[in-house]
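# Tertiary structure, described
Chain by chain, the residues:
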Amino acid sequence: MNRPLTVAGLLADPVLAGAQVIAGSAGTANVVEDVRFLGPADGELRGQLVVCVESAVSPPYRLDALVRLAGTAEAAALLVVGDSITPLLSGIRLADRLGLPVIGIACPDPISLVQELTVQVRAPELARARTIDRALRQLSAKRTGQEILRTAEGVLSTSLSLVAVDGARILGEPFPGEPGLHLDQPVPQVGRGVLLHPVLDPQVNRLAAWLVCPVDHSSDLRTDVLSTGLAIIEPFLRSWLSGQRAEIEKDTAVKSQVLAEIISGRDSVSRDVVEHATSLGWRLSGWHIGMHVLATANRPVTDRRGTGEQLAQALTERGVSIAAAIKRGRGWALWTSSETEPNTSSARQLLRTVRLVVADLPNEWGLAVGIGRPGSGAAGLADTLSEARDAADLARSHDFRPAVEHADELGVARLLATWQRSEVTRAFAESALAPLRESEALMTTLRAYLESGCSVVLTAEALGVHRNTVTTRVQQIRERLGLDLDEPSQRLALQVACRAIE
(Lines give C-alpha, C1' and ligand atoms only; values in the text may rest on other atoms or scores of the structure.)
Protein backbone atom coordinates (compact mmCIF):
# COMPACT_ATOMS: atom_id res chain seq x y z
CA MET A 1 0.00 0.00 0.00
CA ASN A 2 1.36 3.43 -0.95
CA ARG A 3 2.29 5.89 1.75
CA PRO A 4 0.04 9.00 2.12
CA LEU A 5 1.12 11.92 -0.02
CA THR A 6 3.09 14.43 2.06
CA VAL A 7 4.24 18.00 1.50
CA ALA A 8 7.78 16.67 0.92
CA GLY A 9 6.40 14.28 -1.70
CA LEU A 10 4.71 17.11 -3.56
CA LEU A 11 7.87 19.20 -3.39
CA ALA A 12 9.72 16.33 -5.15
CA ASP A 13 7.22 16.42 -8.02
CA PRO A 14 8.09 18.45 -11.14
CA VAL A 15 4.85 20.41 -10.80
CA LEU A 16 6.48 22.26 -7.86
CA ALA A 17 9.90 22.59 -9.50
CA GLY A 18 11.61 25.74 -8.23
CA ALA A 19 9.49 26.01 -5.07
CA GLN A 20 11.24 27.19 -1.90
CA VAL A 21 10.26 26.41 1.68
CA ILE A 22 10.34 29.81 3.35
CA ALA A 23 9.42 28.68 6.88
CA GLY A 24 8.02 25.74 8.82
CA SER A 25 10.28 23.16 7.18
CA ALA A 26 9.69 20.80 10.12
CA GLY A 27 6.15 20.30 8.82
CA THR A 28 7.05 18.92 5.38
CA ALA A 29 5.98 15.48 6.63
CA ASN A 30 2.38 16.75 6.91
CA VAL A 31 -0.07 14.65 4.89
CA VAL A 32 -1.79 16.47 2.02
CA GLU A 33 -5.42 15.37 1.68
CA ASP A 34 -6.57 17.99 -0.83
CA VAL A 35 -5.71 21.30 -2.52
CA ARG A 36 -7.64 24.49 -2.04
CA PHE A 37 -7.29 27.95 -3.60
CA LEU A 38 -7.78 30.55 -0.85
CA GLY A 39 -11.12 32.23 -1.29
CA PRO A 40 -13.61 34.34 0.60
CA ALA A 41 -15.20 31.28 2.23
CA ASP A 42 -12.23 29.47 3.68
CA GLY A 43 -14.17 26.62 5.26
CA GLU A 44 -12.43 23.50 6.49
CA LEU A 45 -8.63 23.73 6.04
CA ARG A 46 -7.52 20.61 7.90
CA GLY A 47 -5.08 18.58 5.75
CA GLN A 48 -5.41 21.09 2.89
CA LEU A 49 -2.62 22.54 0.77
CA VAL A 50 -3.79 26.17 0.84
CA VAL A 51 -2.78 28.12 -2.26
CA CYS A 52 -2.86 31.93 -2.54
CA VAL A 53 -1.35 34.60 -4.74
CA GLU A 54 1.21 37.09 -3.51
CA SER A 55 -1.30 39.96 -3.39
CA ALA A 56 -3.30 38.05 -0.77
CA VAL A 57 -0.38 38.20 1.68
CA SER A 58 0.77 41.74 1.02
CA PRO A 59 1.52 43.75 3.12
CA PRO A 60 3.51 41.08 5.05
CA TYR A 61 1.39 41.27 8.22
CA ARG A 62 -1.41 39.63 6.20
CA LEU A 63 0.87 36.63 5.72
CA ASP A 64 1.24 36.43 9.50
CA ALA A 65 -2.53 36.34 9.84
CA LEU A 66 -2.90 33.70 7.17
CA VAL A 67 -0.20 31.53 8.75
CA ARG A 68 -2.00 31.76 12.08
CA LEU A 69 -5.34 30.87 10.44
CA ALA A 70 -3.96 27.91 8.46
CA GLY A 71 -1.78 26.64 11.29
CA THR A 72 -4.57 26.75 13.81
CA ALA A 73 -6.86 24.93 11.37
CA GLU A 74 -4.12 22.22 10.91
CA ALA A 75 -3.69 22.88 7.21
CA ALA A 76 -0.99 20.78 5.56
CA ALA A 77 0.93 23.74 4.08
CA LEU A 78 0.57 27.23 2.67
CA LEU A 79 1.70 27.78 -0.93
CA VAL A 80 2.19 31.41 -2.00
CA VAL A 81 2.46 32.04 -5.75
CA GLY A 82 4.75 35.01 -6.38
CA ASP A 83 8.35 35.93 -7.03
CA SER A 84 9.00 38.52 -4.29
CA ILE A 85 7.61 37.10 -1.06
CA THR A 86 9.05 38.86 1.99
CA PRO A 87 7.61 37.44 5.21
CA LEU A 88 8.19 39.16 8.53
CA LEU A 89 10.37 37.49 11.12
CA SER A 90 7.28 37.08 13.27
CA GLY A 91 5.55 35.15 10.48
CA ILE A 92 8.56 32.83 10.03
CA ARG A 93 8.71 32.09 13.76
CA LEU A 94 4.95 31.52 13.88
CA ALA A 95 5.11 29.05 10.96
CA ASP A 96 8.00 27.22 12.59
CA ARG A 97 6.15 27.00 15.89
CA LEU A 98 2.93 25.74 14.26
CA GLY A 99 4.80 23.31 12.00
CA LEU A 100 3.15 24.83 8.92
CA PRO A 101 5.35 24.83 5.80
CA VAL A 102 5.17 28.16 3.96
CA ILE A 103 6.23 27.58 0.39
CA GLY A 104 6.94 30.21 -2.27
CA ILE A 105 6.90 29.56 -5.99
CA ALA A 106 7.09 31.79 -9.07
CA CYS A 107 4.36 30.78 -11.52
CA PRO A 108 2.61 32.91 -14.16
CA ASP A 109 -0.59 30.81 -14.10
CA PRO A 110 -1.77 30.04 -10.53
CA ILE A 111 -5.03 28.49 -11.74
CA SER A 112 -3.24 25.88 -13.85
CA LEU A 113 -0.88 25.21 -10.96
CA VAL A 114 -3.80 24.47 -8.65
CA GLN A 115 -5.35 22.21 -11.27
CA GLU A 116 -2.11 20.24 -11.66
CA LEU A 117 -1.71 19.92 -7.90
CA THR A 118 -5.29 18.79 -7.53
CA VAL A 119 -4.75 16.01 -10.07
CA GLN A 120 -1.59 14.92 -8.27
CA VAL A 121 -3.42 14.73 -4.92
CA ARG A 122 -6.88 13.48 -5.92
CA ALA A 123 -6.13 11.29 -8.94
CA PRO A 124 -2.51 10.07 -9.00
CA GLU A 125 -3.51 7.35 -11.48
CA LEU A 126 -4.57 10.07 -13.92
CA ALA A 127 -1.23 11.85 -13.48
CA ARG A 128 0.62 8.61 -14.23
CA ALA A 129 -1.58 7.92 -17.27
CA ARG A 130 -0.95 11.40 -18.64
CA THR A 131 2.80 10.88 -18.28
CA ILE A 132 2.60 7.56 -20.12
CA ASP A 133 0.53 9.08 -22.92
CA ARG A 134 2.91 12.02 -23.31
CA ALA A 135 5.95 9.74 -23.34
CA LEU A 136 4.53 7.42 -25.99
CA ARG A 137 3.45 10.31 -28.24
CA GLN A 138 6.79 12.09 -28.08
CA LEU A 139 9.12 9.08 -28.19
CA SER A 140 7.47 7.50 -31.23
CA ALA A 141 9.09 10.08 -33.54
CA LYS A 142 12.60 9.84 -32.07
CA ARG A 143 15.31 7.81 -33.78
CA THR A 144 18.67 8.34 -32.09
CA GLY A 145 19.60 7.38 -28.56
CA GLN A 146 20.36 10.99 -27.70
CA GLU A 147 16.91 12.10 -28.93
CA ILE A 148 15.17 9.35 -27.00
CA LEU A 149 16.97 10.11 -23.76
CA ARG A 150 16.56 13.89 -24.09
CA THR A 151 12.83 13.56 -24.81
CA ALA A 152 12.34 11.14 -21.93
CA GLU A 153 14.14 13.53 -19.58
CA GLY A 154 11.71 16.27 -20.61
CA VAL A 155 8.63 14.11 -20.06
CA LEU A 156 9.79 12.73 -16.70
CA SER A 157 11.47 15.99 -15.60
CA THR A 158 14.60 14.19 -14.43
CA SER A 159 18.07 13.27 -15.66
CA LEU A 160 18.62 9.85 -17.23
CA SER A 161 21.66 7.77 -18.17
CA LEU A 162 22.21 4.69 -20.28
CA VAL A 163 25.19 2.71 -19.05
CA ALA A 164 26.76 -0.59 -19.98
CA VAL A 165 26.62 -3.58 -17.64
CA ASP A 166 30.03 -2.65 -16.26
CA GLY A 167 28.87 0.95 -15.57
CA ALA A 168 30.61 2.51 -18.56
CA ARG A 169 28.73 5.45 -20.00
CA ILE A 170 26.80 4.98 -23.24
CA LEU A 171 24.58 8.06 -22.98
CA GLY A 172 24.30 10.63 -20.20
CA GLU A 173 26.42 10.51 -17.09
CA PRO A 174 28.30 7.37 -15.93
CA PHE A 175 26.77 5.43 -13.04
CA PRO A 176 29.27 5.21 -10.15
CA GLY A 177 27.54 2.16 -8.69
CA GLU A 178 25.75 1.58 -5.41
CA PRO A 179 26.19 -1.24 -2.87
CA GLY A 180 23.42 -3.78 -2.54
CA LEU A 181 22.29 -3.77 -6.18
CA HIS A 182 22.31 -7.02 -8.14
CA LEU A 183 23.34 -5.78 -11.55
CA ASP A 184 23.88 -9.31 -12.79
CA GLN A 185 20.13 -9.92 -12.66
CA PRO A 186 18.07 -8.40 -15.51
CA VAL A 187 15.22 -7.09 -13.34
CA PRO A 188 14.37 -3.52 -12.23
CA GLN A 189 16.51 -2.45 -9.29
CA VAL A 190 15.80 0.12 -6.58
CA GLY A 191 18.76 1.65 -4.77
CA ARG A 192 18.97 4.20 -2.02
CA GLY A 193 19.01 7.09 -4.47
CA VAL A 194 18.55 5.54 -7.86
CA LEU A 195 16.22 3.47 -10.05
CA LEU A 196 17.62 1.10 -12.65
CA HIS A 197 15.70 -0.58 -15.44
CA PRO A 198 17.33 -3.31 -17.57
CA VAL A 199 17.63 -2.86 -21.32
CA LEU A 200 17.68 -6.29 -22.94
CA ASP A 201 19.61 -7.43 -25.96
CA PRO A 202 16.89 -7.99 -28.59
CA GLN A 203 18.69 -10.88 -30.28
CA VAL A 204 19.64 -13.02 -27.31
CA ASN A 205 17.16 -11.60 -24.76
CA ARG A 206 19.73 -10.97 -22.08
CA LEU A 207 20.98 -7.91 -20.25
CA ALA A 208 22.52 -5.35 -22.59
CA ALA A 209 22.55 -2.11 -20.57
CA TRP A 210 20.95 -0.26 -17.67
CA LEU A 211 18.67 2.77 -17.81
CA VAL A 212 19.47 4.81 -14.69
CA CYS A 213 17.37 7.50 -13.00
CA PRO A 214 17.98 9.36 -9.71
CA VAL A 215 15.16 9.32 -7.15
CA ASP A 216 14.83 10.57 -3.57
CA HIS A 217 11.98 8.20 -2.52
CA SER A 218 10.13 11.05 -0.76
CA SER A 219 6.99 10.25 -2.74
CA ASP A 220 5.64 6.85 -3.72
CA LEU A 221 3.71 8.53 -6.51
CA ARG A 222 6.84 10.09 -7.98
CA THR A 223 8.81 6.83 -7.66
CA ASP A 224 5.96 4.93 -9.31
CA VAL A 225 5.76 7.40 -12.22
CA LEU A 226 9.52 7.18 -12.79
CA SER A 227 9.47 3.36 -12.66
CA THR A 228 6.65 3.25 -15.19
CA GLY A 229 8.42 5.82 -17.38
CA LEU A 230 11.63 3.77 -17.47
CA ALA A 231 9.68 0.70 -18.54
CA ILE A 232 8.12 2.69 -21.39
CA ILE A 233 11.45 4.10 -22.57
CA GLU A 234 13.23 0.75 -22.56
CA PRO A 235 11.82 -0.65 -25.88
CA PHE A 236 12.81 2.54 -27.72
CA LEU A 237 16.40 2.32 -26.43
CA ARG A 238 16.50 -1.42 -27.12
CA SER A 239 15.52 -0.77 -30.73
CA TRP A 240 18.13 1.95 -31.05
CA LEU A 241 20.87 -0.28 -29.61
CA SER A 242 19.92 -3.00 -32.07
CA GLY A 243 20.19 -0.56 -34.97
CA GLN A 244 23.51 0.72 -33.71
CA ARG A 245 24.93 -2.77 -33.57
CA ALA A 246 23.75 -3.52 -37.09
CA GLU A 247 25.44 -0.37 -38.38
CA ILE A 248 28.68 -1.19 -36.56
CA GLU A 249 28.69 -4.72 -37.90
CA LYS A 250 28.07 -3.44 -41.43
CA ASP A 251 30.81 -0.80 -41.11
CA THR A 252 33.22 -3.37 -39.67
CA ALA A 253 32.51 -5.79 -42.50
CA VAL A 254 33.21 -3.11 -45.13
CA LYS A 255 36.49 -2.05 -43.52
CA SER A 256 37.62 -5.64 -43.06
CA GLN A 257 36.92 -6.35 -46.73
CA VAL A 258 38.91 -3.31 -47.93
CA LEU A 259 41.85 -4.24 -45.69
CA ALA A 260 41.77 -7.84 -46.94
CA GLU A 261 41.91 -6.59 -50.54
CA ILE A 262 44.87 -4.32 -49.71
CA ILE A 263 46.76 -7.17 -48.06
CA SER A 264 46.10 -9.57 -50.92
CA GLY A 265 46.72 -7.00 -53.65
CA ARG A 266 49.81 -5.42 -52.05
CA ASP A 267 51.27 -2.85 -54.53
CA SER A 268 48.85 -3.88 -57.30
CA VAL A 269 45.62 -2.97 -55.54
CA SER A 270 42.87 -1.78 -57.87
CA ARG A 271 41.76 1.80 -58.21
CA ASP A 272 38.45 0.94 -56.55
CA VAL A 273 40.27 -0.35 -53.49
CA VAL A 274 42.43 2.77 -53.35
CA GLU A 275 39.31 4.93 -53.59
CA HIS A 276 37.60 2.94 -50.86
CA ALA A 277 40.66 3.24 -48.63
CA THR A 278 40.83 6.97 -49.25
CA SER A 279 37.14 7.39 -48.47
CA LEU A 280 37.78 5.63 -45.14
CA GLY A 281 40.56 8.11 -44.36
CA TRP A 282 43.39 5.62 -44.93
CA ARG A 283 46.56 6.47 -46.82
CA LEU A 284 48.41 3.73 -48.67
CA SER A 285 51.48 5.79 -49.57
CA GLY A 286 54.20 6.57 -47.04
CA TRP A 287 55.31 4.37 -44.17
CA HIS A 288 53.24 2.21 -41.87
CA ILE A 289 53.79 0.36 -38.59
CA GLY A 290 51.29 -2.40 -37.95
CA MET A 291 49.99 -3.77 -34.67
CA HIS A 292 47.85 -6.82 -33.95
CA VAL A 293 45.79 -7.24 -30.80
CA LEU A 294 44.49 -10.49 -29.35
CA ALA A 295 42.21 -10.68 -26.32
CA THR A 296 41.79 -14.03 -24.62
CA ALA A 297 38.84 -12.88 -22.48
CA ASN A 298 35.31 -12.37 -23.75
CA ARG A 299 34.15 -8.78 -23.50
CA PRO A 300 30.62 -7.83 -22.40
CA VAL A 301 28.15 -7.93 -25.27
CA THR A 302 27.11 -4.39 -24.39
CA ASP A 303 30.59 -3.01 -25.02
CA ARG A 304 29.90 -1.34 -28.33
CA ARG A 305 33.57 -0.54 -28.90
CA GLY A 306 35.94 -3.36 -29.68
CA THR A 307 39.19 -4.06 -27.90
CA GLY A 308 41.18 -2.72 -30.86
CA GLU A 309 39.21 0.52 -30.89
CA GLN A 310 39.76 1.06 -27.18
CA LEU A 311 43.48 0.38 -27.55
CA ALA A 312 43.56 2.82 -30.48
CA GLN A 313 41.90 5.50 -28.38
CA ALA A 314 44.30 4.93 -25.49
CA LEU A 315 47.28 5.16 -27.86
CA THR A 316 45.91 8.34 -29.42
CA GLU A 317 45.64 9.87 -25.95
CA ARG A 318 49.34 9.03 -25.51
CA GLY A 319 50.26 10.85 -28.72
CA VAL A 320 50.33 7.85 -31.09
CA SER A 321 48.14 8.62 -34.10
CA ILE A 322 46.36 5.43 -35.16
CA ALA A 323 45.19 5.37 -38.79
CA ALA A 324 42.64 2.61 -38.25
CA ALA A 325 41.60 -0.26 -35.97
CA ILE A 326 40.03 -3.06 -38.00
CA LYS A 327 38.68 -6.44 -36.94
CA ARG A 328 40.90 -9.05 -38.50
CA GLY A 329 40.31 -12.72 -37.81
CA ARG A 330 40.34 -13.38 -34.07
CA GLY A 331 42.02 -10.07 -33.34
CA TRP A 332 42.33 -6.46 -34.37
CA ALA A 333 44.71 -4.85 -36.86
CA LEU A 334 45.93 -1.32 -36.12
CA TRP A 335 48.53 0.80 -37.82
CA THR A 336 50.16 4.20 -37.86
CA SER A 337 51.11 6.04 -41.04
CA SER A 338 53.76 8.70 -41.70
CA GLU A 339 55.37 10.49 -44.64
CA THR A 340 58.93 9.49 -43.73
CA GLU A 341 60.47 6.24 -42.56
CA PRO A 342 60.41 5.92 -38.75
CA ASN A 343 63.87 5.67 -37.25
CA THR A 344 65.00 3.06 -34.73
CA SER A 345 64.48 5.26 -31.70
CA SER A 346 60.89 6.10 -32.67
CA ALA A 347 60.14 2.39 -33.16
CA ARG A 348 61.49 1.62 -29.69
CA GLN A 349 59.49 4.51 -28.26
CA LEU A 350 56.36 3.08 -29.89
CA LEU A 351 57.07 -0.29 -28.29
CA ARG A 352 57.44 1.31 -24.88
CA THR A 353 54.26 3.38 -25.33
CA VAL A 354 52.27 0.33 -26.37
CA ARG A 355 53.53 -1.57 -23.33
CA LEU A 356 52.52 1.27 -21.03
CA VAL A 357 49.08 1.66 -22.62
CA VAL A 358 48.37 -2.07 -22.57
CA ALA A 359 49.48 -2.25 -18.94
CA ASP A 360 46.89 0.42 -18.08
CA LEU A 361 44.05 -1.58 -19.64
CA PRO A 362 42.23 -4.18 -17.50
CA ASN A 363 44.44 -7.23 -16.96
CA GLU A 364 41.42 -9.51 -17.17
CA TRP A 365 41.09 -8.74 -20.88
CA GLY A 366 44.12 -11.01 -21.38
CA LEU A 367 45.70 -8.81 -24.06
CA ALA A 368 48.54 -9.98 -26.28
CA VAL A 369 49.88 -7.38 -28.72
CA GLY A 370 52.35 -7.70 -31.59
CA ILE A 371 54.11 -4.85 -33.39
CA GLY A 372 55.52 -5.09 -36.92
CA ARG A 373 58.49 -3.34 -38.46
CA PRO A 374 57.93 -0.23 -40.63
CA GLY A 375 56.81 -0.91 -44.19
CA SER A 376 56.32 1.37 -47.20
CA GLY A 377 53.27 1.57 -49.45
CA ALA A 378 50.44 -0.92 -49.70
CA ALA A 379 52.86 -3.87 -49.72
CA GLY A 380 54.61 -2.47 -46.67
CA LEU A 381 51.28 -2.19 -44.89
CA ALA A 382 50.55 -5.83 -45.69
CA ASP A 383 54.02 -6.90 -44.49
CA THR A 384 53.99 -4.96 -41.22
CA LEU A 385 50.50 -6.25 -40.34
CA SER A 386 51.63 -9.81 -41.09
CA GLU A 387 54.68 -9.38 -38.85
CA ALA A 388 52.50 -7.86 -36.15
CA ARG A 389 50.17 -10.87 -36.20
CA ASP A 390 53.15 -13.25 -35.86
CA ALA A 391 54.46 -11.18 -32.97
CA ALA A 392 51.01 -11.24 -31.31
CA ASP A 393 50.93 -15.04 -31.58
CA LEU A 394 54.32 -15.16 -29.88
CA ALA A 395 53.11 -12.77 -27.16
CA ARG A 396 50.08 -14.97 -26.61
CA SER A 397 52.34 -17.93 -25.86
CA HIS A 398 53.60 -16.21 -22.71
CA ASP A 399 52.01 -17.26 -19.43
CA PHE A 400 51.34 -13.70 -18.23
CA ARG A 401 49.13 -10.86 -19.42
CA PRO A 402 49.32 -8.37 -20.89
CA ALA A 403 52.19 -9.31 -23.20
CA VAL A 404 53.71 -7.28 -26.02
CA GLU A 405 56.22 -8.45 -28.63
CA HIS A 406 57.96 -6.56 -31.42
CA ALA A 407 58.80 -8.11 -34.79
CA ASP A 408 62.38 -6.92 -34.41
CA GLU A 409 62.68 -9.37 -31.56
CA LEU A 410 61.19 -12.30 -33.44
CA GLY A 411 64.58 -13.31 -34.82
CA VAL A 412 65.92 -13.42 -31.28
CA ALA A 413 62.78 -15.18 -30.18
CA ARG A 414 63.19 -17.87 -32.82
CA LEU A 415 66.82 -18.27 -31.79
CA LEU A 416 65.74 -18.55 -28.17
CA ALA A 417 63.13 -21.10 -29.17
CA THR A 418 65.81 -23.17 -30.90
CA TRP A 419 68.11 -22.97 -27.93
CA GLN A 420 65.44 -23.79 -25.41
CA ARG A 421 64.74 -27.10 -27.14
CA SER A 422 68.34 -28.33 -26.73
CA GLU A 423 69.29 -30.66 -23.89
CA VAL A 424 72.32 -28.53 -23.12
CA THR A 425 70.15 -25.48 -22.63
CA ARG A 426 67.69 -27.35 -20.44
CA ALA A 427 70.53 -28.66 -18.30
CA PHE A 428 71.86 -25.12 -17.97
CA ALA A 429 68.41 -23.84 -17.08
CA GLU A 430 67.89 -26.48 -14.39
CA SER A 431 71.23 -25.58 -12.86
CA ALA A 432 71.07 -21.79 -13.19
CA LEU A 433 67.50 -21.47 -11.87
CA ALA A 434 67.75 -24.12 -9.18
CA PRO A 435 67.86 -21.49 -6.36
CA LEU A 436 64.44 -20.22 -7.46
CA ARG A 437 62.65 -23.50 -8.24
CA GLU A 438 61.06 -23.74 -4.79
CA SER A 439 59.53 -20.28 -5.09
CA GLU A 440 56.88 -19.99 -7.79
CA ALA A 441 56.49 -16.29 -7.05
CA LEU A 442 60.16 -15.58 -7.71
CA MET A 443 60.19 -17.67 -10.88
CA THR A 444 57.10 -15.92 -12.21
CA THR A 445 58.51 -12.52 -11.29
CA LEU A 446 61.84 -13.24 -12.99
CA ARG A 447 60.10 -14.41 -16.16
CA ALA A 448 57.78 -11.39 -16.29
CA TYR A 449 60.62 -8.99 -15.40
CA LEU A 450 62.80 -10.20 -18.27
CA GLU A 451 59.92 -10.27 -20.78
CA SER A 452 58.92 -6.72 -19.73
CA GLY A 453 62.32 -5.32 -20.61
CA CYS A 454 63.40 -5.25 -16.93
CA SER A 455 60.73 -2.65 -16.18
CA VAL A 456 59.50 -2.79 -12.59
CA VAL A 457 56.34 -0.86 -13.50
CA LEU A 458 55.38 -3.14 -16.37
CA THR A 459 56.21 -6.24 -14.34
CA ALA A 460 53.99 -5.03 -11.52
CA GLU A 461 51.15 -4.39 -13.98
CA ALA A 462 51.60 -7.81 -15.59
CA LEU A 463 51.57 -9.64 -12.27
CA GLY A 464 48.94 -7.45 -10.62
CA VAL A 465 51.13 -6.64 -7.61
CA HIS A 466 52.63 -3.45 -6.20
CA ARG A 467 55.88 -2.27 -7.72
CA ASN A 468 57.54 -2.41 -4.28
CA THR A 469 56.75 -6.12 -4.25
CA VAL A 470 58.48 -6.51 -7.61
CA THR A 471 61.52 -4.56 -6.39
CA THR A 472 61.78 -6.78 -3.30
CA ARG A 473 61.44 -9.96 -5.31
CA VAL A 474 64.02 -8.84 -7.89
CA GLN A 475 66.44 -8.14 -5.07
CA GLN A 476 65.80 -11.63 -3.68
CA ILE A 477 66.38 -13.07 -7.14
CA ARG A 478 69.70 -11.24 -7.44
CA GLU A 479 70.80 -12.55 -4.05
CA ARG A 480 69.72 -16.13 -4.70
CA LEU A 481 71.18 -16.34 -8.20
CA GLY A 482 74.28 -14.27 -7.51
CA LEU A 483 73.94 -12.75 -10.97
CA ASP A 484 73.90 -9.18 -12.20
CA LEU A 485 70.56 -8.57 -13.93
CA ASP A 486 71.91 -5.31 -15.30
CA GLU A 487 74.43 -7.22 -17.40
CA PRO A 488 72.89 -7.86 -20.90
CA SER A 489 74.64 -11.21 -21.45
CA GLN A 490 73.50 -12.53 -18.07
CA ARG A 491 69.94 -11.30 -18.70
CA LEU A 492 69.94 -13.11 -22.07
CA ALA A 493 71.20 -16.31 -20.46
CA LEU A 494 68.48 -16.15 -17.82
CA GLN A 495 65.79 -15.42 -20.43
CA VAL A 496 66.90 -18.49 -22.41
CA ALA A 497 66.84 -20.52 -19.19
CA CYS A 498 63.35 -19.29 -18.25
CA ARG A 499 61.93 -20.17 -21.67
CA ALA A 500 63.66 -23.56 -21.65
CA ILE A 501 61.77 -24.67 -18.54
CA GLU A 502 58.38 -23.10 -19.33
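All values reported here derive from a predicted model rather than from experimental measurement. (Residues numbered from 1 in each chain as written. Predicted model: local features only at pLDDT ≥ 70, side-chain atom pairs only at ≥ 80, totals over all residues. Heavy atoms only, no water.)

### Describing the pairing of strand β12 (residues 324–328)
The buried count for β12 comes to four of five residues, which makes it a mostly enclosed element. Connecting β12 to the antiparallel partner strand β13 (residues 331–338) that follows it, the hairpin turn spans two residues, and Gly 329 within it adopts a positive phi of roughly 60°. (Buried < 20%, exposed > 50% of the residue type's maximum accessible area, 1.4 Å probe, protein only. Helix = DSSP H or I, 4+ residues; strand = E, 2+ residues; numbered from the N terminus. Pairing = 2+ DSSP bridges.)

### Some words on the packing of helix α6 (residues 145–156) against helix α7 (residues 220–265)
Axis angle and axis distance: for two packed helices, these are the angle between their axes and the distance between the axes, and together they describe the pair. One can describe the packing of α6 onto α7 by two numbers: an axis separation of 10 Å at closest approach and a directional angle of 165°. Relative to α7, α6 is oriented roughly antiparallel. You can see that α6 and α7 cross each other, and the crossing is right-handed. In this structure, α6 uses Gly 145, Ile 148, Leu 149, Ala 152 and Leu 156 to contact α7, whose residues at the interface are Arg 222, Val 225, Leu 226, Gly 229, Ile 233, Phe 236, Leu 237 and Trp 240. The class makeup of the residues in the contact of α6 with α7 is ten nonpolar, two polar and one charged. (Axes fitted to C-alpha atoms, helices over the stretch in contact; angles between N-to-C directions. Parallel < 35°, antiparallel > 145°, perpendicular 65-115°, else oblique. Left-handed = near helix turned anticlockwise from the far one by under 90°. Contact = heavy atoms within 4.5 Å. Nonpolar A, V, L, I, M, F, W, Y, C, P; charged D, E, K, R; others polar.)

### Quick notes on the packing of helix α5 (residues 124–139) against α6
Two numbers describe how α5 lies on α6: the axes approach to 10 Å, and their chain directions differ by 155°. Here α6 runs roughly antiparallel to α5, going by the angle between their axes. Here α5 and α6 pass one another in a crossing that is right-handed. Facing α5, whose interface residues are Thr 131, Arg 134, Ala 135, Gln 138 and Leu 139, α6 presents Ile 148, Thr 151, Ala 152, Val 155 and Leu 156. Counted by class, the contact of α5 with α6 contains six nonpolar, three polar and one charged residues.

### Section: the pattern of salt bridges
Any two side chains of opposite charge can pair, on the condition that their charged atoms come close. Enumeration according to the criterion identifies twelve salt bridges in this entry. The closest approach of N and O atoms between Asp 224 and Arg 128, which form a salt bridge, is 2.4 Å. Taken together, the positions of Asp 224 in helix α7 and Arg 128 in helix α5 put the pair 96 residues apart, joining distant regions of the chain. Among the ionic pairs, Arg 318 bridges to Asp 360, the shortest N-O distance being 2.8 Å. With Arg 318 in the loop between α9 (307–317) and β12 and Asp 360 in helix α10 (residues 344–360), this pair connects stretches of sequence that are 42 residues apart. (Salt bridge = Lys/Arg side-chain N within 4 Å of Asp/Glu carboxyl O.)

Keep in mind these values describe shape, not function.
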